[in-house]
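# Coordinates in review
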Amino acid sequence: PQQLEQAITPLAARDWPVNGKYQAVMKRLRWGRLGIELHRTDARRKWSPGIFIGCVIEGSDHTISHRIEDSIKLQIILDFSDGLRAHYPYMDSYSVLKSTLVDVTQNSRWTFYDHSKERHANTYHPLYLETPLLEILRGSKTMEEQRERIFDAGCEALELLQYGGHLDKLGDECEAVT
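One finds W16, L38, I51, L78, L129 and L161 to be the most contacted residues of the largest nonpolar core, which totals 45 residues. At eight residues, the largest contribution of residues to this core is made by helix α4 (residues 143–162). With five residues, the next largest nonpolar core counts F52, V56, Y113 and Y128 among its residues.

Shown next, in the form of structure tokens:
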């Protein structure tokens, strides 16, 4: 985890291609994950939704241990604040976003994972885009090169996540929840 943290930490200062007002914050290992959280700065709740870019090292908190047994993955995870957990699954924009992610990941290196379909779903972190970290880093020789590959892959996944503007619509619907 220490080397991964060294690779990811400087990326929090980069300009991530995400619509809306998000602030990138590096989060050291907590909840079994290490990476960057993109918090909304224009909403009442920072996770409405929030976006995590990084790796889940230990999956018990997210209840995804079965998904990380064989390899560490670079993951983009949609996070929702507690006050939204009873609402977002029924939002039209959430349903459209899920079906769009199924479509746009078909011919990409990213796998879409809908955690809400699991028996023990974690409703704080329901949607994932993930790809093996090893494949991103393969052939790289320096920490700087690895950092750039992680950034480029994260940007690629953010484009998929924002395809069609459904993430923005979801943010608007989340903001309307009182």
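There's more to say after this.
Let us look at the pairing of strand β2 (residues 33–40). The buried fraction of β2 amounts to eight of the eight residues, a majority that puts the element mostly inside the structure. Sheet analysis places strand β1 (residues 22–30) next to β2, joined by seven bridges and oriented antiparallel. Within the sheet, the bridge partner assigned to Q23 lies in β2 and is H39. Inspection of the sheet shows β2 paired to strand β3 (residues 50–56) by six bridges, in the antiparallel sense. Counterpart to R33 in the pairing with β3 is V56.

What follows concerns the packing of helix α2 (residues 92–104) against helix α5 (residues 166–175). Packing of α2 against α5 brings their axes to within 8 Å, and their N-to-C directions diverge by 155°. Judged by the angle between their axes, α2 and α5 are roughly antiparallel. Here α2 and α5 pass one another in a crossing that is left-handed. Of α5, the residues touching α2 (which contributes D92, S93, Y94, V96, L97 and T100) are H166, L167, K169, L170 and E173. Grouping the amino acids of the contact of α2 with α5 by side-chain chemistry returns five nonpolar, three polar and three charged.

Thresholds applied
Residues numbered from 1 in each chain as written. Predicted model: local features only at pLDDT ≥ 70, side-chain atom pairs only at ≥ 80, totals over all residues. Heavy atoms only, no water. Core = buried A, V, L, I, M, F, W, Y, C linked by side-chain atoms within 4.5 Å. Buried < 20%, exposed > 50% of the residue type's maximum accessible area, 1.4 Å probe, protein only. Helix = DSSP H or I, 4+ residues; strand = E, 2+ residues; numbered from the N terminus. Pairing = 2+ DSSP bridges. Axes fitted to C-alpha atoms, helices over the stretch in contact; angles between N-to-C directions. Parallel < 35°, antiparallel > 145°, perpendicular 65-115°, else oblique. Left-handed = near helix turned anticlockwise from the far one by under 90°. Contact = heavy atoms within 4.5 Å. Nonpolar A, V, L, I, M, F, W, Y, C, P; charged D, E, K, R; others polar.

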